[in-house]
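Remarks on the overall topology
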Amino acid sequence: DVMVRDFVRNCPAPCVVDADALNAVSESPELLKSCAGPRLLTPHPLEMERIFPRQNLPRRAWLESFVHEFPVTLLLKGSRTVIGESGSPTSYNSTGHPGMGTGGMGDVLTGVCAGLLAQGKSPLDAAKLGAWVCGRSAEIALRDGRASQESLSASDVVDFLGDAFNDLRRGAL
């Protein structure tokens, strides 16, 4: 955990912080105030609760309170994924499906966001685009009969990422 926290704090490159890295950060969230490069955190609500207790706040207020205190971009996963950073309006992702609450979906989202960061997108743009494209890909898998709500898998989402990016290019927002 110490190595992970040191990496999150000291890596100068933009980074997506997810899964076990979020668990490591939860032991010392203050490190997020002094990172060497931009950070995009992608917690689900239980991970977020360990980093920054909700205290009965609505999701949007919880996100906004967090990004006010920490200079990071936050993509708070859930049935209403919210995305924000200090100084920018909070966004809600408009795509997705309840079937996305299965293992591996967060890994796909993290990979897409990391790929967008590597292409030079800002953490906020990477978060918004990544969430939209992953959600849209799940919708396409369901629409095309590839999967059902009960059977949707992370690999179904990966299989339709190209179609989702094409929809984005066509202005399917």
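Values in this document were obtained by computation on a predicted structure and should not be read as measured data. Residue indices follow the written sequence of each chain, beginning from 1 at its first position. It should be noted that, the model being predicted, local features are given only for residues of pLDDT at least 70 and side-chain atom pairs only at 80 or more, the latter also being counted only at that level, while totals for whole chains, interfaces and linings use all residues. The side-chain values count all of the structure's non-hydrogen atoms but skip hydrogen atoms and water molecules.

Before going further, it helps to examine the environment of Ala141. The way it works is that DSSP assigns letters per residue, a run of H or I at least four long becomes a helix, a run of E at least two long becomes a strand, and they are numbered from the N terminus. In this structure, Ala141 sits in helix H6 (residues 123–143). Separated by 86 residues in the primary sequence, Ala141 and Gln55 place their C-alpha atoms 37 Å from one another. Should any heavy atoms of two residues lie within 4.5 Å, those residues are counted as being in contact. Setting aside its immediate chain neighbours within four residues, Ala141 contacts Arg146, Ala147, Leu152, Asp156 and Phe160.

What follows concerns the side chain of Asp167. Examined against the element boundaries, Asp167 turns out to sit in helix H8 (residues 161–169). In terms of polar contacts, Asp167 uses its side chain to reach the side chain of Arg136, at 2.7 Å. In contact with Asp167, not counting residues within four places along its chain, are Trp132, Arg136, Ile140 and Ala172. We define a polar contact as two N or O atoms separated by no more than 3.5 Å, with the added condition that, inside protein, one atom must be a possible hydrogen donor and the other a possible acceptor, whereas residues neighbouring each other in sequence contribute only through side-chain atom pairs.

Another point: the state of the cysteines. Here a disulfide denotes a covalent bond joining the sulfur atom of one cysteine to the sulfur atom of another. Defined by distance alone, a disulfide is two cysteine sulfur atoms within 2.5 Å. Evaluation of the coordinates by the stated rule reveals 0 disulfides. For the unlinked cysteine Cys11, the closest cysteine sulfur is that of Cys15, found at 3.8 Å.

The next subject is helix H4 (residues 59–69). Three- or four-residue spacings in an α-helix give side chains the same orientation, since the helix completes a turn every 3.6 residues. Here the term buried applies to any residue with accessible area under 20% of the maximum for its type, exposed to any over 50%, and partly exposed to those in between, with areas from a 1.4 Å probe on protein chains only. Among all positions of H4, only Arg59, Trp62, Leu63, Phe66 and Val67 are buried. Each buried residue of H4 sits inside an arc of 120° when the element is viewed along its axis, so together they form one side. Arc definition: it is the arc formed by the directions from the helix axis to the C-beta atoms.

Turning to the pairing of strand E4 (residues 82–85), a few remarks are in order. Only strands that DSSP links by at least two bridges are regarded as paired with each other. Pairing of strand E3 (residues 73–76) with E4 involves 4 bridges; the strand directions are antiparallel. Counted as the bridge partner of Leu76 is Val82 from E4. Where E3 hands over to E4, the hairpin turn is made up of 5 residues, of which Gly78 adopts a positive phi near 155°. In sequence, E4 turns back onto strand E5 (residues 91–92) through a hairpin of 5 residues, with Gly87 there showing a positive phi of about 85°.

Backbone hydrogen bonds hold the strands of a sheet together, and the pairing may be parallel or antiparallel. Taken together, the 5 strands give an open sheet; going across it, the order is E1-E2-E3-E4-E5, and neighbouring strands pair in mixed fashion. Two strands lie at the open edges of the sheet, namely strand E1 (15–17) and E5, each paired on one side alone. Pairing geometry for E4 and E5, over 2 bridges, is antiparallel. Bridge pairing in E5 places Val82 opposite Tyr92. The sheet strands contacting H6 are strand E2 (39–41), E3, E4 and E5, and the helix crosses E4 at an angle near 175°. The convention used is that axes are lines fitted to C-alpha atoms, helices contributing only their stretch in contact, and that angles between N-to-C directions extend from 0 to 180 degrees.

Using a 1 Å grid laid over the protein atoms alone, points where a 1.4 Å probe fits but cannot get out form a cavity; open sets with protein on both sides within 12 Å along at least 5 of 7 lines form a pocket; any residue with an atom within 4 Å of a point counts as lining. Grid points are joined across faces, edges and corners, and a volume is the space filled by probe spheres set on the points. Quantified by volume, the largest pocket comes out at close to 630 Å³. Elements with a minimum of two residues in the lining of the largest pocket: helix H3 (45–51), helix H5 (105–118) and H6. Polar here means any residue outside two lists: the nonpolar Ala, Val, Leu, Ile, Met, Phe, Trp, Tyr, Cys and Pro, and the charged Asp, Glu, Lys and Arg; Gly therefore counts as polar. Across the lining of the largest pocket, the residue classes break down as 8 nonpolar, 15 polar and 6 charged.

The next thing to look at is the environment of Arg170. Relative to the elements of secondary structure, Arg170 occurs in the segment after H8. Assessed through its relative accessible area of 61%, Arg170 is described here as exposed. Engagement of the side chain of Arg170 in a polar contact is seen with the side chain of Asp167, the distance being 2.4 Å.

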